[in-house]
Amino acid sequence: MSEQSTHTPAVGTSYIRTDLEGKVLGTAEYTADIALPNMLHARVLRSPHPHANILGIEIGSATKLDGVFDVLTPFNVPEGKVAPDVPILDSRVRFVGDEVAVVAAVDIDQAKAAIDLIEVCYEVLPFSTNVHDSLNSASFPIHSEGNLVNGGPLIESRGSIKEGFDQADYVVEDSFTTPDHHPASLEPRAALASWDGTRLTVWKPSRGIHADKNILASALGLSPNNIAVVGPAMGAGYGSKDETRTSVMAALLSIRTGRPVKLELDREEEFLAGRRRHSTYTEIKMGLKKDGTITAVHAKTIMDTGAYLSSGPGVVRRAGQGILYLYKCANVKYEGQLVYTNTPTAGSYRALGAPQGHFALESLSDKASEILNMDPLEFRFKNHVGPEGQPGERTTPRNQIIDTQPVEGGVPFSSNELRQCLKLGAEAIGWDRRDYIENAAGPIRRGIGMSMFIYRGGPGGQSNAEISLDQDGLFTLNVGFMDVGEGSSTVVIQMAADTLGIPPAMVRINGGHTDKTPESPMTAGSTLTFSAGHAAMQAAKDLKDAIINASLKLIGLGDSEGLYLTPNGVKSKCGESISFLDIVHNAGPIKTLASVTPGSKDYIVNSFGAHFAEIEVDTETGHIEIIKYIAVHDSGRIINPRLAEGQVRGGVSQMMGFTFLEDMEIDPHSGVALNASFLEHKSPTIMEYPEIEVIFADSIDPIGPFGAKSLGEPPCIAPAPTIANALYHATGVRINDLPLTPDSVLLAMKNLL
Amino acid sequence: MDSHLTSDRVDMDDNETTTKFIVNGREYSLKIDNRYTLLDILRDHLRLTGAKKGCDLGECGACTVLLDGKVVNSCQILAARIKDKDIRTVEGLSQNETLHPLQLAFIENDGGQCGYCTPGFIMAAYPLFESEEELSTEEIKLSLAGNLCRCNAYGSIIDSVAYALEIKTNE
């Protein structure tokens, strides 16, 4: 921004979410809201068996039914793949709910009637609904490579844990489990496909239209140039809405029938064929000196990926990052195993593995501080990783960008306000009074707990952005990323507007269509604000220069010195000016495209935070009530405080489901999901919503756009260990297995007696 | 205008009845399959897609509309029950491009993230706005307890409704 500019910055203000008006009017269009002429409706036949070979399918009666246009089976679809281990349809089914066949008919009733007429001959196979059975060598392999993905664990380490544990005065260890946690987006998966004879258009809820286009192309054997993917408004996904067969099946049916085909999953199907958070079993061990120094951390996690791999390798890696990096320690090791089971597939869900890993780590830290007879907060103050990073030698070559999930030591953080987060949170909750809480007579016990976290800070893949000054004198930001409800469009507009020196209301955003937008990475890993923000800023900076250059001639000046943008146009310090309209009318629309690979070769860019909770436990009912919840985050500079606060409050409340309520129950005898509905898979309602106070640390990251770092996923990491630690403080009961249901609390208290 | 949506529909014979009802002030007389729900009628026949299908089981509230002024899950109302009824959907709240105060309050307070639950929440809050009673936060929450928001934007939703009620009182 030019010094002379009179522009009021938009960054740092709570600019109104740009796409909210359509949502409150009911006019925002989601995939299922779109209808095309002559559209057919599809319905999926799903496996009743957890594991079986399909020997044959009789579809004669189904295809003869009035209004039925096509039936896809594993025996009549092309050989393409949706994912490396997922063919379009497979003659092997691997969980109850796996896709067997798909019908396209004139309406959904006829499609359902046709489904009932399909006869399938199954060869039922032995199956496993848990990782322990799957790892048992007697188990039938779910995929040809065996049930342990890659045949062994992912291993990451720094230093020598043997040496670390040898130096320890104490070793504290324990094991922890986390549940199958389902995002259960309110909008079930849906896809609408239309083939016009040469070109395919697919509408689907998407967090990466360009990635989805490539999946469709490879699955269907089409050139990506012959495919357009459109991402309408998305009823959220929380990371989970890609990599399914839904859009591929709709597309194939459209190609075969020549008519548009819509496939909408129902709620039960969304639970089964969607993606859940990986359940985990973690053994974790920490070596300690008498003075509280951590000498070693070692954790082994087994994750249940369900029937297919999905994003499992990324999730199992991310679960280890807190273990490897949250505490200053020279000797750490993480081993992560990913195991197939005959259950619904796990995949990406907000913060991917970090909540599971931090639950184990941060519960164990409280145990460690108890053995040391040290206050848990003091233990964190003493041991948290500081701005200087971890001890050890840098291994990344100097000319390479530092990974946002490093293992190596010897690399500092670009910014790290974890210590400030701990201080602010302790003050807000009143940590000082923690040792003096007095419980009245009766069943209620009060406690205060906390935990902290580390997470990727925002650098993602190569990002592109295009921005133009248009015929109407306004600006259009053209981007290929998707705003999945987190508000990224709004914050990117704010950053572009400030770079140009104009009000954000003058910038429109155009996105959601692969034909019309530059390639962009998925909305994943909390990278959007940082990565798309940098691309938008670069494009805006280039556009500003281009506009000033174009206006030089028009104003009659020789050089661009002292020219700047105002809401009305270009102005010089001597008072000459030209409006944007005059510029475009004379010079034509001006457009710039920027491509950036965000990141740093010198620093780790990470986000941090600490959560604190005060709770009341009813020792007669096992109910836990949150009295006060404080979430303190270092996400760098906050671009839009209201949206940011909403992200944190929403993320914390969403994880109250993980902490207290949600678990997909799979019957071990049949493989059937027992609670694939909102009624039985209890999610937090507005009644459970606790007051959540959000505090942002004073932090400006030198690398982030306008000083910003990531925020989308970080709010989800600390809630569970924070509550579990408060429960321990209140009752003396430590529960290592989520969710903390009333019966688990009561049972644990009974065992304590 | 959307005859293509039903043109191919297989003949349902005896299941169809001509039903008269009002939606957002407009009178309709439609030959509809009795097994259809109000939600399907709104979305598929009238192309009013503001009410969303989140579960089709009355468990999430995304399809909330008003039936004779009463909050209902439209996915639980069969066609036979809408005869001569007055139905109001989210599309019927704004008038001539002027947003209803509840809609404005949701924008001002960032009461929606992905927005899929937003029409349902606004319709569930509508009777609160019409009511003369002064409501506590707890009462607001109770009235909205049948609606799920998986983004868990509950804090901002409570803020939005409370803000709308406050604006109304101060007017």
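The shown structure was predicted, so the numbers you read here are calculated from the model rather than taken from an experiment.

**Q** Which parts of the structure should I look at to understand helix α3 (residues 108-117) of chain A?
**A** Every α-helix winds through 3.6 residues per turn, so residues three or four apart in the chain are directed the same way. All names here are of chain A. When we look at burial in α3, the residues that qualify are Gln110, Ala111, Ala114 and Ile115. Along the long axis of α3, the arc covered by the buried residues comes to 145 degrees, so they all point the same way. Packing partners of the buried residues in α3 comprise β1 (40-46), α2 (60-64), β3 (68-72) and β7 (99-105).

**Q** Looking at this structure, how should I read the domain arrangement of chain A?
**A** By convention, interface size is frequently given as the accessible area that disappears when the constituent parts associate. All names here are of chain A. One can read the domain layout of chain A as domain 1 (20-26 + 460-596), domain 2 (39-125 + 187-235 + 241-273) and domain 3 (279-458 + 602-752). Placing the centre of domain 1 and that of domain 3 at their C-alpha centroids yields a distance of 38 Å. In this complex, domain 1 contributes 16 residues to the contact, which on the side of domain 3 involves 19 residues. Among the elements of the structure, α14 (488-500) and α15 (528-555) are those that each provide at least two residues to the side of domain 1 that touches domain 3. At 6 residues, α15 tops the list of elements feeding residues into the side of domain 1 that touches domain 3.

**Q** How should I be thinking about the confidence of the model for chain B in this particular structure?
**A** All names here are of chain B. Summary statistics for chain B give a mean pLDDT of 91 and a share of 92% for residues scoring 70 or more. Low pLDDT (under 50) marks residues 1-8, which in the prediction has 8 contacts with non-local residues, meaning those over four places away or in another chain. In the predicted assembly, ipTM is 0.96 and pTM is 0.96.

**Q** Please clarify how the packing of helix α17 (residues 641-661) of chain A against helix α18 (residues 719-731) of chain A should be interpreted in this entry.
**A** To characterise two packed helices, one gives the angle between the axes of the helices and the distance between these axes. Residues and elements named next belong to chain A. Contact geometry of α17 with α18 gives a least axis separation of 9 Å together with a crossing angle of 60 degrees. Between α17 and α18, the crossing angle belongs to the class labelled oblique. Regarding α17 and α18, the two cross each other, and that crossing is right-handed. Touching Val652, Met655, Met656, Phe658 and Thr659 of α17 are Pro719, Ala720 and Ile723, all from α18. Looking at side-chain class alone, the contact of α17 with α18 contains 7 nonpolar, 1 polar and no charged residues.

**Q** What's the story with the interface of chain B and chain A in this structure? I'm lost.
**A** Taken together, the contact pairs 47 residues of chain B with 51 residues of chain A. Among the elements that make up the side of chain B that touches chain A, the one with the highest residue count is helix α6 (residues 154-170) of chain B (5 residues). Residue composition of the side of chain B that touches chain A, by class: 22 nonpolar, 14 polar and 11 charged.

**Q** Looking at this structure, I do not really get the sheet that holds strand β20 (residues 475-479) of chain A. What am I missing?
**A** All names here are of chain A. Reading across the sheet, the 4 strands line up as β21-β20-β19-β25 and stay open at both edges, with mixed pairing between neighbours. Edge strands, defined here as strands with exactly one partner in the open sheet, are β21 (507-510) and β25 (590-596). Strand-to-strand twist of the sheet, defined as the mean angle between neighbouring strand axes without regard to direction, takes the value 20 degrees. Here strand β19 (residues 463-469) runs beside β25; their pairing, made up of 7 bridges, is antiparallel. Considered in β25, the bridge of Ser468 is made with Lys591.

**Q** Can you help me understand unusual backbone geometry in this one?
**A** Negative phi values dominate among residues other than glycine, just as trans dominates among peptide bonds. A cis amide bond, omega -5 degrees, links Leu738 of chain A with the succeeding residue Pro739 of chain A. Along the chain, the position of Pro739 of chain A falls in the loop between α18 and α19 (742-752). Positioned with a positive phi, Asn38 of chain A is a non-glycine residue whose angle comes to about 65 degrees. You will see that Arg47 of chain B, though not glycine, has its phi angle at about 55 degrees, which is positive. Structurally, Arg47 of chain B can be placed in the loop between α2 (38-45) and β3 (64-67). Look at Arg47 of chain B and you get partly exposed, because 13 C-beta atoms sit within 10 Å.

Reading the values: the criteria
- Residue positions are given per chain, counting from 1 as you read along its sequence in written order.
- Here the convention is simple: chains get letters from A, ligands get numbers from 1, in the order in which they are written.
- Only residues with pLDDT of at least 70 are given local features in this predicted model, and only at 80 or more are side-chain atom pairs given and counted; all residues enter the totals for whole chains, interfaces and linings.
- Around each residue's C-beta, the other C-beta atoms within 10 Å are counted; 20 or more make the residue buried, 12 or fewer make it exposed, and counts in between make it partly exposed. All C-beta atoms are placed from the backbone.
- What counts as a helix is a DSSP run of H or I of at least four residues, what counts as a strand is a run of E of at least two, and both are numbered from the N terminus.
- Here, the arc refers to the directions that run from the helix axis to the C-beta atoms.
- Our contact criterion uses C-beta atoms placed from the backbone: two residues qualify when those atoms are within 7 Å.
- As used throughout, domain bounds are those supplied by an automatic or database domain assignment.
- pLDDT expresses, on a scale from 0 to 100, how confident the predictor is about each individual residue.
- Between N-to-C directions, angles cover 0 to 180 degrees, with each direction set by a line fitted to C-alpha atoms, over the stretch in contact for helices.
- Put simply, angles under 35 degrees are roughly parallel, angles over 145 are roughly antiparallel, angles from 65 to 115 are roughly perpendicular, and the rest are oblique.
- A clockwise turn of the near helix away from the far one marks a right-handed crossing, whereas an anticlockwise turn of less than a right angle marks a left-handed crossing.
- Classes in brief: Ala, Val, Leu, Ile, Met, Phe, Trp, Tyr, Cys and Pro nonpolar; Asp, Glu, Lys and Arg charged; the others, Gly included, polar.
- DSSP-based pairing: two strands are paired if at least 2 bridges between them are found.

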